[in-house]
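Each chain, written out:
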Amino acid sequence: MAFYYEEPSRTFNEYLLVPGHTPASCIPAKVDLKTPLVRYRKGQEECPISLNIPMVSAIMAAVSDDHMAVALATEGGISFIYGNQTIESEAAMVARVKAYKAGFVVSDTNLSPDTTLEEVVALKEQTGHSTMPVTDNGQAGGKLLGIVTERDYRLSRMSLDTKVSEFMTPRENLVVATEGTSLKEANDIIWDHKLNSLPIVDANDNLCYLVFRQDYDTHKENPLELLDNEKRYLVGAGINSRDYAERVPALVEAGADVLCIDSSEGYSDWQKMTIEWVREHYGNDVKIGAGNVVDREGFRFLAEAGADFIKVGIGGGSICITRETKGIGRGQATATIEVAKARDEYFEETGIYVPICSDGGIVYDHHISLALAMGADFVMLGRYFARFDESPSAKVMVNGTYMKEYWGEGSARARNWGRYDLGGKKSLSFEEGVDSYVPYAGSLKDNIAVTLLKIKSTMCNCGALTIPEFRDKAKLTTVSSTSIVEGGAHDVLLKDKTPYASRVR
Ligand code: RVP
């Protein structure tokens, strides 16, 4: 007979935290959000890789490319570069993150001399970048021929088919610096010549980087930056359980710090085989996360298979329709609570702590606090990060409002059927995700600062200065549907009619 769970499975929205005593010493500025990323012998050794904030970006084409990875590592988290692309292009993204030097930007908006003004305007709209280098082949790394900024064209006076070569500021009028120039020296040149940006070229005049005026100060002020021993940003990469024998070596060679099997359902032999392959070829030198699971058995299976961290969550993602199409999944809160218990039980038995990641279904910032209180070591977010300038998807105007495109890896648009591996050849398939818009929200830096402040402030309300302390002290209560109404603004006439949820997440 089928097994029935006694209790319904619950979502984050069904819980609240009851505050505890806040000592005077407990203030947000003192909260430390450091958290382990990979398995270790807790109490006996340091965790080999920790995050400085408990947030990672989802393994999705609409979310995690090299730009997102740099922006998030700057703030103390890590991105998992999406795996639904060729091995070469994924490895190239990883390599770009590892080659990135704070303050030195590899331009992703490059023009060729034949690009038209119309295309320049469209690119600016799409990427938000107004400084665009012109190279002979139209790519970063090509020979520098000039630069286009907003000062080089006037839309009211120029025909849209004017070629870039006719209005760019040409190379001979540009101040440039050569490779090897330090950020401090570049910044001095920028100030001495009153520039907004400075191209850095190699000995053959090929474009290497741009240094922007405003970036110098920003890069001096990132105390939580997540760096390796050589001061390069940490970056993760998604893999699948089909082509790992080719993909893993390429990603490791490119410098990936941690891998994660990207699958909608991880309690499977395919994941075990993938982890075993990695252990056989790299021992414990290559770190690999696995998932997703939603119960104790799934966690035990992957922990015993050797996963370095385990992701929790099936069907809770904002763009995910797995529960509707297949009828599998579990409320994200219930799944997180049960898997956290399984992790602690495994630690008691073995002395090995395997961090867990609550993946998907974070709608409000306070859901992150709830996930941490319920035992998650960190959370993975897709929709949250998709809204920012740094996500790879297009920024488009919809009904007068800026939106970013956001689609599921199981949608027809992504066609990432590798995530849904049941072995054998794929002949028939069906969608498990949708294509959508999310409201554009600006820069990652500005948004994450507010989110982190909310989390820290909630932790202080519960008297906690660290995540483990928060977990120990947290008192969670379920809420009735009427108390959810009580929790929002009610029985007043709102001056701003936009629902709170649409204004702030
Ligand atoms: P969210 O943050 O709620 O947008 O959820 C993101 C998560 O949703 C991802 O990390 C992944 O686990 C899941 N996902 C991605 N694509 C799909 C799908 O197409 N069903 N689901």
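These numbers come from a predicted model, not from an experiment.

1. Looking at the site of the ligand
Around the ligand, a shell composed of 23 residues is seen, among which Ser318, Asp359, Tyr406, Gly410 and Glu432 lie nearest. Separating an oxygen atom of the ligand from a backbone N or O atom of Gly361 is a distance of 2.9 Å. Between the ligand and Gly382 there is a distance of 2.8 Å, counted from an oxygen atom to a backbone nitrogen or oxygen. Calculation on the ligand without its partners gives an accessible area of 490 Å², and the protein chains cover 95% of this total. Put simply, the ligand lies in the largest cavity. Residue classes in the shell around the ligand are distributed as eight nonpolar, 10 polar and five charged.

2. Re helix H2 (residues 87–99)
Relative to the 18 Å expected for 13 residues at 1.5 Å per residue, H2 spans 18 Å between its end C-alpha atoms, a close match to the ideal helical length. Along H2, the positions that sit buried rather than exposed are Ile87, Glu90, Ala91, Met93, Val94, Val97 and Lys98. Take H2 and look down its axis: the buried residues cluster within an arc of 155°, on one side only. Where H2 is buried, its residues touch helix H1 (66–75), strand S5 (78–81), strand S12 (236–239) and helix H7 (244–254).

3. Focus on the UniProt feature "binding site: NAD(+)" (unreviewed entry) in the chain
Here the UniProt-annotated "binding site: NAD(+)" (unreviewed entry) positions come out as Asp262, Ser263, Ser264, Gly313, Ile314 and Gly315. Judged by maximum C-alpha separation, these annotated positions cover 54 residues in sequence but sit close together in space, the widest gap being only 14.0 Å. For the largest cavity, the lining residues drawn from the annotated set are Asp262, Ser263, Ser264, Gly313, Ile314 and Gly315. Its location among the elements puts Ser263 in the loop between strand S13 (258–261) and helix H8 (269–282). Owing to a relative accessible area of 9%, Ser263 belongs among the buried residues under this scheme.

4. Regarding empty space enclosed by the protein
Scanning the entire structure with this criterion turns up two cavities of 30 Å³ or more. Broken down by secondary-structure element, the contributors of at least two residues to the lining of the largest cavity are strand S17 (378–381) and helix H13 (383–386). Looking at side-chain class alone, the lining of the largest cavity contains 12 nonpolar, 15 polar and seven charged residues.

5. A closer look at H8
Between its terminal C-alpha atoms H8 stretches 20 Å, which fits the 20 Å expected from 14 residues at 1.5 Å a residue. Along H8, the residues that are buried comprise Gln271, Thr274, Ile275, Trp277 and Val278. With its buried residues spanning 155° around the axis, H8 presents them on a single face. Within two residues after H8, Gly283 carries a phi angle of roughly 55°, on the positive side.

6. Describing the pattern of salt bridges
Here the structure, examined in full by the defined rule, presents 28 salt bridges. Residue Asp188 pairs with Lys184 through a salt bridge whose shortest N-O separation is 3.2 Å. Here the residue Asp188 and the residue Lys184 both occupy positions in helix H5 (residues 183–192), the gap between them amounting to four residues, near one helical turn. Between Asp228 and Arg232 there is a salt bridge whose closest N-O contact spans 2.9 Å. Looking at Asp228, the relative accessible area reads 15%, which means it is buried. Exposure remark for Arg232: the relative accessible area of 28% places this residue in the partly exposed category. Ionic contacts of the salt-bridge type, sharing partners, join the residues Lys98, Asp228, Glu230, Arg232 and Asp257 into one network.

7. Some thoughts on the environment of Met380
Structurally, Met380 can be placed in strand S17. For the pair formed by Met380 and Ile78, sequence separation is 302 residues and the distance between their alpha carbons is 9.6 Å. For Met380, the residues in contact, after removing those within four places along its chain, are Val56, Ser57, Ala58, Ile59, Phe80, Lys311, Cys357, Ser358, Asp359 and Gly360.

About the criteria used
Residues numbered from 1 in each chain as written. Predicted model: local features only at pLDDT ≥ 70, side-chain atom pairs only at ≥ 80, totals over all residues. Heavy atoms only, no water. Near = heavy atom within 4 Å. Polar contact = N/O pair within 3.5 Å; in protein donor to acceptor, adjacent residues only side chain to side chain. Areas by Shrake-Rupley, 256 points an atom, 1.4 Å probe, with all protein chains shown as cover. 1 Å grid on protein atoms, 1.4 Å probe; cavity = no way out; pocket = protein on both sides within 12 Å on 5 of 7 lines; lining within 4 Å. Sits in = over half its atoms within 2 Å of the grid points. Nonpolar A, V, L, I, M, F, W, Y, C, P; charged D, E, K, R; others polar. Helix = DSSP H or I, 4+ residues; strand = E, 2+ residues; numbered from the N terminus. Expected span 1.5 Å × (residues − 1). Buried < 20%, exposed > 50% of the residue type's maximum accessible area, 1.4 Å probe, protein only. Arc of directions from axis to C-beta. Contact = heavy atoms within 4.5 Å. UniProt positions renumbered as here; feature names shortened; annotations may be inferred. Points joined across faces, edges and corners; volume = space filled by probe spheres on them. Salt bridge = Lys/Arg side-chain N within 4 Å of Asp/Glu carboxyl O.

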